[in-house]
Amino acid sequence: APCECSEPAKTVKCVNRNLTAVPPDLPPYVRILFITGNRLARLPAGAFPAHRLPDLGALNLSGNHLRAVEAGALAALPALRQLDLSGNPLLDLSGNPLVALSPQAFGEGGSPLEELALRGALRNHSVLLSLAAMLQSGALRNLSRLELADNGLLLLPTGMFTALPALRQLDLSNNSLVGLGNVSFQGLGQLQSLNLSDNSLSVLRNGTLAQFRGLPALRRIGLGHNSWVCDCAIEDLVAWLKESDQVEGKEALTCAYPDKMLGKALLKISGSDLNCSVPVDLPSQLQTSYVFLGIVLALIGAIFLLVLYLNQKGIKKWMHNIRDACRDHMEGYHYRYEINADPRLTNLSSNSDV
């Protein structure tokens, strides 16, 4: 009743109806279902009745205040190809990070899902770990499009995409990614588009660039609006940009730091701009350190000898005083020893004491 149903279009729209659960009496003909802008706090197991929606291929659950997608919640949708969970504050409510986005949400046998949108839905780190566990479990091996934009991600879990052999489009734009050193793109032989724009990337290392070169289908890489640091570490990235045709709009990529390079196009950077010296190996650096230490110690020794030379009279007098004091003490000890060793002197000393 609260939804708009169109049998000719095979579409049902339940938009901004303050629903707190999935309507139980959805028509079986539906192929495209919108349940957006409602108040579905959780999506429990069996949220969609078994055998009732055999043809449902596209499901939009964006903006529903969803905090958990539990095990089996989507298991009764055998034809599901597109799922949009964007704009939901997915959050672990039970202390178990796998509850927020359960790896078994699509059932035990995997899912035919091809497109998954999670724009602005991974603000909590435990949810990111939940997603990584789901992807690594192999439950979504048919996934061809994955949208993770607008999530404020700093780093991605290691091996997050290794079980997605059919992935063709990966959107990581508008996050806060500072590096891709722990991210593996190996095995993504079908990947065609990778969007890394609007992040906080300062450089791409050789290992990452080598992975890009090894992806035969990758033709579109977005790198715009990142904080590129134009020092010696960026030489490999600049060389790759000049030879690669994978990066879209690479002419517009500019330096963000240091100040003297601000706004300079990466493609126009030369070795003289970076002023990189030949790297010195570790043994040479240690040898240089030892030489410097020796010079410092020699200088301290010279200063010490100079002070001794300038104060030789005072030092000689001081030595004489110490010698005289030591001699007086030794004579006193010797006199006492003679008294104690001679019985006559001992008796004499005793009588005089009496």
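Residues numbered from 1 in each chain as written. Predicted model: local features only at pLDDT ≥ 70, side-chain atom pairs only at ≥ 80, totals over all residues. Heavy atoms only, no water.

Under the annotation held in an unreviewed UniProt entry, the protein chain carries the name TPBG protein and is attributed to Anhinga anhinga.

The next thing to look at is empty space enclosed by the protein. Gaps left between atoms show up when a probe the size of a water molecule is rolled over them. With the rule as written, the count across this model stands at one cavity of 30 Å³ or more. Estimated volume of the largest cavity: approximately 40 Å³. V69, L74, L83, L85, L101, A105, F106, L116 and M134 are the residues that line the largest cavity. Grouping the amino acids of the lining of the largest cavity by side-chain chemistry returns nine nonpolar, no polar and no charged. (1 Å grid on protein atoms, 1.4 Å probe; cavity = no way out; pocket = protein on both sides within 12 Å on 5 of 7 lines; lining within 4 Å. Points joined across faces, edges and corners; volume = space filled by probe spheres on them. Nonpolar A, V, L, I, M, F, W, Y, C, P; charged D, E, K, R; others polar.)

The N-to-C vectors of helix α2 (residues 206-213) and helix α3 (residues 235-243) enclose an angle of 20 degrees; their axes lie 10 Å apart at closest approach. Overall, the two elements α2 and α3 adopt an arrangement that is roughly parallel. Crossing geometry of α2 relative to α3 is assigned as left-handed. Of the residues in α3, those in contact with N206, L209, F212 and R213 of α2 are D236, L237, W240 and E243. Counted by class, the contact of α2 with α3 contains four nonpolar, one polar and three charged residues. (Axes fitted to C-alpha atoms, helices over the stretch in contact; angles between N-to-C directions. Helix = DSSP H or I, 4+ residues; strand = E, 2+ residues; numbered from the N terminus. Parallel < 35°, antiparallel > 145°, perpendicular 65-115°, else oblique. Left-handed = near helix turned anticlockwise from the far one by under 90°. Contact = heavy atoms within 4.5 Å.)

What follows is about the state of the cysteines. Under the defined criterion, the tally for this structure stands at two disulfides. Each disulfide pairs two cysteine sulfurs, and for C230 the partner residue is C255, the sulfurs being separated by 1.9 Å. Its S-S torsion of approximately -95 degrees makes the covalent link between C230 and C255 left-handed. Residue C230 is located in the loop between β13 (228-229) and α3, and its partner C255 is located in strand β15 (residues 255-257); the two are separated by 25 residues in the primary sequence. The exposure class of C230 is buried, given its relative accessible area of 5%. With no disulfide of its own, C5 lies 5.9 Å from the sulfur of C3, the closest cysteine sulfur. (Disulfide = S-S within 2.5 Å. Buried < 20%, exposed > 50% of the residue type's maximum accessible area, 1.4 Å probe, protein only.)

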